[in-house]
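If you want the building blocks of each chain, they are given just below.
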Amino acid sequence: MADPADMFHLGGKVAVVTGASSGLGRRAALTLAAAGAMVVGVARRRDALESLSAEIGFAAAGVVGDVTDREKLPALVAAVSAPFGAPDIVVHAAGINTRQTADDVTPEGWDATLELNLSAPFFLSQALVPAMKEKGWGRIVNFASLQSSRAFPGGIAYGATKGGITQLTRAMAEAWSPHGITANAIGPGFFPTELTQAVFSDPERATRNAAQTCIGRNGTMEDIDGPILFLCSDASAYVTGQVLMVDGGFTAK
């Protein structure tokens, strides 16, 4: 029997992580690099990408780009493929939450949320899949949410996209898993990121959210490492079309 640890090793794999400038995207990039992958971070903030690349070292590169700009998508795919070759793994961590209430949602806010949270993961994956098909191996990891199944105040646009991500993940699996490409999603609970700054800046609210979990605390960055590595590696070869909730049991209560 082979060493089970080898299933989690990503040596020789190329991973693209969107939203790699901060939060869970940055953590995912660090985790995949530590497992041996060559990582290309994509974000709009050059300084943050340079900081990430400096921390990882020679196995990292950064591409400044807007994943919602479909006209420039071919150029973006070429850019992320240039440093190490065509990506084997794509992690869609870029996201936005306008926190507009249902009565106050604007067309601009709605469109921006759908473009980044739902459309971009599909169209970027679609553009990267041909190279994965040629290799007969690929990993797509989307980011779902507690709001994939729960309604939160001020989250109607965000929740719509995250509910959509759940179904998008299943549909990606149906379309591409026969070619060796798995598609899964991680559904984080409350983690301290830029996107959840409003939550953690309110100690009472943060405490209330922690109490809602089965474990009794909010997430830490270390809590995402195992799940992201699992879904990006051979360890999850027979897992596809699934949403793994990494929420301390929040959705179980």
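Colleague: Help me out: how do you make sense of helix H5 (residues 156-176) in this one?
Modeller: The α-helix advances 3.6 residues per turn, and as a result positions three or four apart in sequence lie on the same side. An ideal rise of 1.5 Å per residue puts 30 Å on 21 residues; H5 measures up with 30 Å between its terminal C-alpha atoms. Looking at the buried positions of H5, the neighbouring elements they touch are helix H4 (107-135), strand S5 (138-143), strand S6 (181-188) and strand S7 (243-246).

Colleague: How do you make sense of empty space enclosed by the protein when you look at a structure like this?
Modeller: Sizing a probe to match a water molecule and rolling it over the atoms shows the empty space that remains. This model, assessed by the stated rule, comprises two cavities of 30 Å³ or more. Around the largest cavity sit Thr18, Val67, His92, Ala94, Leu116, Ala120, Pro121 and Leu124, which together line it. The residue inventory of the lining of the largest cavity, partitioned by class, reads six nonpolar, two polar and no charged. For the lining of the second largest cavity, the per-class residue count stands at four nonpolar, two polar and two charged.

Colleague: Would you take a moment to explain the sheet that holds strand S1 (residues 14-18) for this structure?
Modeller: In a beta sheet, neighbouring strands are held together by backbone hydrogen bonds and run either parallel or antiparallel to one another. The seven strands are arranged S3-S2-S1-S4-S5-S6-S7 in an open sheet whose pairing can be described as parallel. The sheet terminates laterally at strand S3 (60-64) and S7, the two strands that pair on one side only. The mean inter-strand angle of the sheet, taken between neighbouring strand axes irrespective of direction, is 20°. Against the sheet, helix H1 (residues 23-34) touches S1, strand S2 (38-43), strand S4 (89-92), S5 and S6, its axis set at about 170° to S1. H4 contacts S1, S4, S5 and S6 of the sheet and is inclined by roughly 175° relative to S4.

Colleague: Please clarify how the packing of helix H3 (residues 73-81) against H4 should be interpreted in this entry.
Modeller: When two helices pack together, their arrangement is given by the angle between the helix axes and the distance between those axes. With their axes 10 Å apart at the nearest point, H3 and H4 run at an angle of 60° to one another. Viewed along their axes, H3 and H4 adopt a mutual orientation that is oblique. Crossing hand, H3 versus H4: right-handed. In this structure, H3 contributes Leu73, Leu76, Val77 and Val80 to the contact, and H4 contributes Phe123, Leu124, Ala127 and Leu128. Residue classes in the contact of H3 with H4 are distributed as eight nonpolar, no polar and no charged.

Colleague: Sorry, what's going on with the packing of aromatic side chains here?
Modeller: Working definition: an aromatic ring pair is given by the centre-to-centre distance plus the angle between the planes. Throughout the structure, instances matching the rule amount to five aromatic pairs. Ring plane angle 10° and centroid distance 6.2 Å describe the contact between phenylalanine 152 and phenylalanine 190, whose orientation is recorded as stacked. Of this pair, phenylalanine 152 sits in the loop between S5 and H5 while phenylalanine 190 sits in the loop between S6 and helix H6 (197-200); the two residues are 38 residues apart in sequence, bridging distant segments of the chain. Residue classification places phenylalanine 152 among the partly exposed positions, given a relative accessible area of 23%. Grouped by ring-pair contacts, the aromatic residues Phe122, Phe123 and Trp176 constitute a single cluster.

Colleague: Got a minute to help me understand the nonpolar core in this structure?
Modeller: Grouped together as the largest cluster of nonpolar side chains are 30 residues, with contacts concentrated most on Val17, Leu32, Val91 and Ile186. Secondary structure elements with two or more residues in this core: S1, H1, S2, helix H2 (46-56), S4, S5 and helix H8 (222-232). Leave out the neighbours within four places in its chain, and leucine 32 touches Leu10, Ala15, Val17, Ala37, Val39, Val91, Ile228 and Cys232. If you look at the next biggest cluster of nonpolar residues, it comprises 27 residues, including Val77, Ala120, Trp176 and Ala185.

Colleague: Would you mind going over the layout of surface pockets with me for this structure?
Modeller: Here the largest pocket defines a volume of roughly 1,000 Å³. Lining the largest pocket are 45 residues, with Gly95, Ile96, Tyr158, Thr193 and Leu195 sitting closest to its centre. Here the lining of the largest pocket is built from residues that sort into 19 nonpolar, 18 polar and eight charged.

Colleague: Which parts of the structure should I look at to understand the side chain of serine 145?
Modeller: With respect to the helices and strands, serine 145 occurs in the loop between S5 and H5. Note on serine 145: relative accessible area 7%, which makes it buried. Polar contacts involving the side chain of serine 145 include one to the main-chain amide nitrogen of glutamine 147, which spans 2.9 Å. For serine 145, the residues in contact, after removing those within four places along its chain, are Tyr158, Lys162, Gly187, Pro188 and Met245.

Colleague: Help me out: how do you make sense of the environment of aspartate 202 in this one?
Modeller: Position of aspartate 202 among the secondary structure elements: in the loop between H6 and helix H7 (203-212). By relative accessible area, which is 34% here, aspartate 202 ends up partly exposed. Along the sequence, aspartate 202 and alanine 15 sit 187 residues apart, while their C-alpha atoms lie 35 Å from each other.

Conventions used here
Starting from 1, residues in each chain are numbered consecutively following that chain's sequence as written. In keeping with the predicted nature of the model, local features appear solely for residues at pLDDT of at least 70, side-chain atom pairs appear and are counted solely at 80 or more, and the whole-chain, interface and lining totals rest on all residues. Based on all heavy atoms of the structure, the side-chain values leave hydrogens and waters out of the count. Counting from the N terminus, the helices are the DSSP runs of H or I reaching at least four residues and the strands are the DSSP runs of E reaching at least two. A helix's residues, less one, multiplied by 1.5 Å, set its expected span. The contact definition used throughout considers only heavy atoms, calling two residues in contact when any of these lie within 4.5 Å. A cavity here means a set of points on a 1 Å grid, drawn over the protein atoms and nothing else, where a 1.4 Å probe fits but cannot get out; a pocket is an open set with protein on both sides within 12 Å along at least five of seven lines, and a residue lines either one if it has an atom within 4 Å of a point. Grid points are joined across faces, edges and corners, and a volume is the space filled by probe spheres set on the points. Just so you know the grouping, Ala, Val, Leu, Ile, Met, Phe, Trp, Tyr, Cys and Pro go in nonpolar, Asp, Glu, Lys and Arg go in charged, and all remaining residues, Gly too, go in polar. Strands are labelled as partners when DSSP assigns at least two bridges between them. To get an axis, fit a line to the C-alpha atoms, keeping to the stretch in contact for a helix; angles then go from 0 to 180 degrees between the N-to-C directions. Oblique is the label for every angle not falling under 35 degrees (roughly parallel), over 145 degrees (roughly antiparallel), or within 65 to 115 degrees (roughly perpendicular). Crossings are sorted by hand: turned counterclockwise from the far helix by less than a right angle, the near helix makes the crossing left-handed, and turned clockwise it makes it right-handed. Between the rings of Phe, Tyr and Trp (Trp by its six-membered ring), a pair exists once the centres lie within 6.5 Å; its type follows the angle of the planes, with under 30 degrees stacked, over 60 edge-to-face, and the other angles tilted. Between buried and exposed lies partly exposed: a residue is buried under 20% and exposed over 50% of the maximum accessible area for its type, with that area taken using a 1.4 Å probe on protein chains only. Buried Ala, Val, Leu, Ile, Met, Phe, Trp, Tyr and Cys residues that are joined via side-chain atoms within 4.5 Å together make up what is termed a nonpolar core. In protein, a polar contact requires one atom able to donate a hydrogen and another able to accept it; more generally it is a pair of N or O atoms within 3.5 Å, and residues adjacent in sequence count only if both atoms are side-chain atoms.

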